[in-house]
Amino acid sequence: TQAKLNAPFKEGDAGGHTLTFGDRSLTIWTKKEELFLTNRGAEDLENRGFIYCLPCGRIEPKGWHDEQRSYLNNRAAHPKPFPNSREQPNCNGFTQLVSLGTKFISDVSLFRLRLGDSVVLRPGTQLAKICLTTVAQTLAIVAADMLEIDRSNIGAEFRVAQTDRGKTGAEVDVYLYDTTSGGAGFVKAAVADPQLLLSKAVDLLDGCSCDSSCYKCLRSYDNRFLHQDLDRDLGAALLKHVMGLKD
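Residues numbered from 1 in each chain as written. Predicted model: local features only at pLDDT ≥ 70, side-chain atom pairs only at ≥ 80, totals over all residues. Heavy atoms only, no water.

Remarks on the pairing of strand β10 (residues 154-160)
Across the seven residues of β10, five count as buried, placing the element largely inside the fold. Here β10 pairs with strand β11 (residues 171-178) via seven bridges, running antiparallel. Bridging across to β11, alanine 156 finds its partner in leucine 176. (Buried < 20%, exposed > 50% of the residue type's maximum accessible area, 1.4 Å probe, protein only. Helix = DSSP H or I, 4+ residues; strand = E, 2+ residues; numbered from the N terminus. Pairing = 2+ DSSP bridges.)

What follows is the structure, encoded as structure tokens:
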């Protein structure tokens, strides 16, 4: 699961560094921000979420059917997870469907891509999802390799840019973050030379002969749930467009 970022990054904010390529640009900010991780349970939409008993705190994945241990899915009386001698050991309390989540502060490097040339990646479209997932994962892979650290130390995600251009898809946000709570300085070090990072990202995408992605270039066990959204040709095309490079 990729961490979500809600913090606004605005032009003129301290720490922002802009690279301009004609009517296209790339602005990078690095600072500590609050991130959110959520767990919605199963990928199956019918069984998404967790069933939570409000009085006693027992929780089960929705759709979990174990004859000996599943109670909430069957709306049955259930053992309390933390019983005591003064109360009944079982509970018939009211349940609610919830998602699990946590928040933490870490180092974040946000890349805002201004696409120019009337090019847009409309929010919510499959094209935007594939392009931006690919770019985010590529930057994370290259950053980890440049620092010679395990790739699990750097997370990556994209979001709709919180700007007027972001509403139409003329600007998009991709961000890297340290997966260690509190931050370890990895993403800050990785973007010290942004043009080198971007050049290596393009080289990685161009340097494979697979159809869309493979374990030689972009795929790994950690991003296995994103494999269907990785396309090195689309990712390379986006980065080259922003940087004014020719195919």
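A few points about the layout of surface pockets
Over the atoms rolls a probe the size of a water molecule, and in doing so it shows where empty space is left. Counted as a void, the largest pocket has a volume near 1,300 Å³. Looking at the largest pocket, it is lined by 47 residues, and the ones nearest its centre are Thr1, Gln2, Lys4, Glu157 and Leu226. Elements with a contribution of two residues or more to the lining of the largest pocket: β3 (24-39), α1 (126-147), β10 and β11. Ranked by residue count, the leading element in the lining of the largest pocket is α1, at nine residues. Partitioning the lining of the largest pocket into residue classes produces 16 nonpolar, 18 polar and 13 charged. Considered as a void within the structure, the second largest pocket measures approximately 200 Å³ in volume. Lining the second largest pocket are Ile51, Lys62, Leu72, Asn73, Arg75, Thr95, Gln96 and Leu97. Looking at the lining of the second largest pocket, its residues break down into three nonpolar, three polar and two charged. (1 Å grid on protein atoms, 1.4 Å probe; cavity = no way out; pocket = protein on both sides within 12 Å on 5 of 7 lines; lining within 4 Å. Points joined across faces, edges and corners; volume = space filled by probe spheres on them. Nonpolar A, V, L, I, M, F, W, Y, C, P; charged D, E, K, R; others polar.)

Details of the sheet that holds strand β8 (residues 95-98)
The sheet built from three strands is open, its strands ordered β5-β4-β8 with antiparallel pairing. Either end of the sheet is taken by a strand with one partner, and the two such strands are β5 (59-61) and β8. Looking at each pair of strands side by side, their axes are set apart by 25° on average, direction ignored. In the sheet, strand β4 (residues 50-53) pairs with β5 via three bridges, with the strands oriented antiparallel. (Axes fitted to C-alpha atoms, helices over the stretch in contact; angles between N-to-C directions.)

Some thoughts on the environment of phenylalanine 21
Note that phenylalanine 21 resides in strand β2 (residues 17-21). Judged by its relative accessible area of 17%, phenylalanine 21 is buried. Taking the C-alpha atoms as reference points, phenylalanine 21 and serine 209, separated by 188 residues in sequence, lie 28 Å from one another.

Quick notes on the packing of α1 against helix α4 (residues 194-206)
One can describe the packing of α1 onto α4 by two numbers: an axis separation of 9 Å at closest approach and a directional angle of 110°. Compared by their axis directions, α1 and α4 come out roughly perpendicular. For the element pair α1 and α4, the recorded crossing hand is right-handed. Contacts between α1 and α4 involve Thr134, Thr138, Leu139, Ile141, Val142, Ala143 and Met146 on the former and, on the latter, Leu196, Leu197, Leu198, Lys200, Ala201, Leu204 and Leu205. (Parallel < 35°, antiparallel > 145°, perpendicular 65-115°, else oblique. Left-handed = near helix turned anticlockwise from the far one by under 90°. Contact = heavy atoms within 4.5 Å.)

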